[in-house]
Amino acid sequence: LWHLIVYAPICHQVWGGGWMGGMGVLDFAGGAVVHVNAGVSGLVCALVLGPRHGFGRDNMAPHNLAYTAIGTGLLFVGWLGFNAGSAWAADGIAALAAFNTILAAAAASLGWLAVEWIDHKRPTLLGLLSGVVAGLVGITPAAGLVDPKGAFLIGLISGPACYAGAVWLKRALKYDDSLDAFGVHGVGGLVGAVLTGVFATAAVNPVAAGADVLKQLIGLAAVIVWSGVGAFVVLM
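Attention here is on the structure that accompanies the text.

Criteria and thresholds
Residues numbered from 1 in each chain as written. Predicted model: local features only at pLDDT ≥ 70, side-chain atom pairs only at ≥ 80, totals over all residues. Heavy atoms only, no water. Helix = DSSP H or I, 4+ residues; strand = E, 2+ residues; numbered from the N terminus. Rg over C-alpha atoms; globule rule 2.2 N^0.38 Å. Buried < 20%, exposed > 50% of the residue type's maximum accessible area, 1.4 Å probe, protein only. Contact = heavy atoms within 4.5 Å. Polar contact = N/O pair within 3.5 Å; in protein donor to acceptor, adjacent residues only side chain to side chain. Axes fitted to C-alpha atoms, helices over the stretch in contact; angles between N-to-C directions. Parallel < 35°, antiparallel > 145°, perpendicular 65-115°, else oblique. Left-handed = near helix turned anticlockwise from the far one by under 90°. Nonpolar A, V, L, I, M, F, W, Y, C, P; charged D, E, K, R; others polar. Salt bridge = Lys/Arg side-chain N within 4 Å of Asp/Glu carboxyl O. Patch = residues over 30% accessible without salt bridge, like charges linked within 9 Å, V, L, I, M, F, W, Y side chains within 5 Å. Areas by Shrake-Rupley, 256 points an atom, 1.4 Å probe, with all protein chains shown as cover. Core = buried A, V, L, I, M, F, W, Y, C linked by side-chain atoms within 4.5 Å.

Helix and strand counts for the protein come out as nine helices and zero strands. The order of α-helices and β-strands along the protein, N terminus first, is α-α-α-α-α-α-α-α-α. For 236 residues, the compact-globule formula gives about 18 Å, and the C-alpha radius of gyration of the protein, at 17 Å, lands near that figure. Taken along the three principal axes of its C-alpha coordinates, the protein extends 50 × 40 × 30 Å. Burial analysis of the protein (236 residues in total) assigns 46% to the buried set. For the protein, the proportion of contacts with a sequence separation of at least 24, taken over those separated by at least 6, is 73%.

Let us now look at the side chain of Ser109. Mapped onto the elements of the fold, Ser109 is located in helix H5 (residues 92-120). Residue classification places Ser109 among the buried residues on the basis of a relative accessible area of 8%. Only 2.7 Å separates the side chain of Ser109 from the backbone oxygen of Ala106, close enough to count as a polar contact. The residues touching Ser109, leaving out its near neighbours within four places in the chain, are Leu128, Gly131 and Val132.

A few words now on the environment of Gln216. Secondary-structure assignment places Gln216 in helix H9 (residues 213-235). Considering only alpha carbons, one finds Gln216 and Pro141, 75 residues apart in sequence, at a separation of 11 Å. Every residue in contact with Gln216, bar those within four places of it in the chain, is listed here: Gly24, Val25, Leu26, Ala193, Val194, Thr196 and Gly197.

Where helix H6 (residues 125-139) meets helix H8 (residues 181-199), the axes come as close as 7 Å, and the angle between the chain directions of the two elements is 45 degrees. Taken as axis vectors, H6 and H8 run oblique relative to one another. Two packed elements cross with a definite hand, and for H6 against H8 that hand is right-handed. Side by side, H6 and H8 meet where Val133, Ala134, Val137 and Gly138 of the first sit next to Val184, His185, Gly188, Gly189 and Gly192 of the second. Across the contact of H6 with H8, the residue classes tally to four nonpolar, five polar and no charged.

Next up on the list: the pattern of salt bridges. Applying the stated criterion across every chain, the model contains three salt bridges. Residue Asp176 pairs with Arg52 through a salt bridge whose shortest N-O separation is 2.8 Å. Taken together, the positions of Asp176 in the loop between helix H7 (148-173) and H8 and Arg52 in the loop between helix H3 (31-49) and helix H4 (65-84) put the pair 124 residues apart, joining distant regions of the chain. Using a relative accessible area of 10% as the deciding quantity, one classes Asp176 as buried.

Turning next to unusual backbone geometry. For Lys121, which is not a glycine, the phi torsion comes out positive at approximately 70 degrees. Structurally, the position occupied by Lys121 is in the loop between H5 and H6.

A cluster of nonpolar residues, Val48, Leu49, Phe232, Leu235 and Met236, forms a patch on the protein surface that exposes about 490 Å² of accessible area. Mapped onto the nonpolar patch, the elements with two or more residues apiece are H3 and H9. Topologically, Leu235 is positioned in helix H9. A relative accessible area of 30% places Leu235 in the partly exposed class.

So, on to the nonpolar core. The biggest cluster of nonpolar side chains holds 51 residues, and the ones touching the most others in it are Phe28, Trp112, Ile139 and Val184. Of all the secondary-structure elements, those providing two or more residues to this core are helix H1 (2-15), H3, H4, H5, H6, H7, H8 and H9. What Val184 contacts, discounting residues up to four positions off in sequence, is Trp112, Val133, Ala134, Val137, Cys162, Ala166 and Gly189.

This is the structure in structure tokens:
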């Protein structure tokens, strides 16, 4: 039901010839279609359903970092197919998308660790792994539209931005988002989609000739409203 009401219409509007695609909104592999959509929907779910019993009182930190590392590795491998496969061909753009994915994930992990080191006086394995996922999310809308320099900068910005969303924003608003669906996927998707409008270049992919930050912002606003309202309707 969630897929039919929330996800499928957004896919059509961006990739299926809808008004967002016609307007020139760029989303190579689903930064808005997948991650902003899921992040906003997850935030609405967290707010409507409320926190888990003991939230804010009991220790709910991840208890098995080995499993977390395994899961991140599986995500990383799958993401290469996810992003590169969005080229729909075994060509140079697919290869660049795969390389950009690796580069952005590495840069984001460094960005996350740097902020975590300043904030908590020490880096952590969980922070490194979270940074990797933040970079994977951030580069998703831009993977086949930017050069490696753009991918590096998108990753480097996505790491600290997602740290702020997953740690500072959640702490300030006191909502229970157990896997940081909004802090990592929502914030990372937003950052990546906006920066796609900044760094996308026709020298890499002719589709990027009309890249524009304002168009990206309009598209993101539409996704946020649709996903938020749609998720709330499904929950009710």
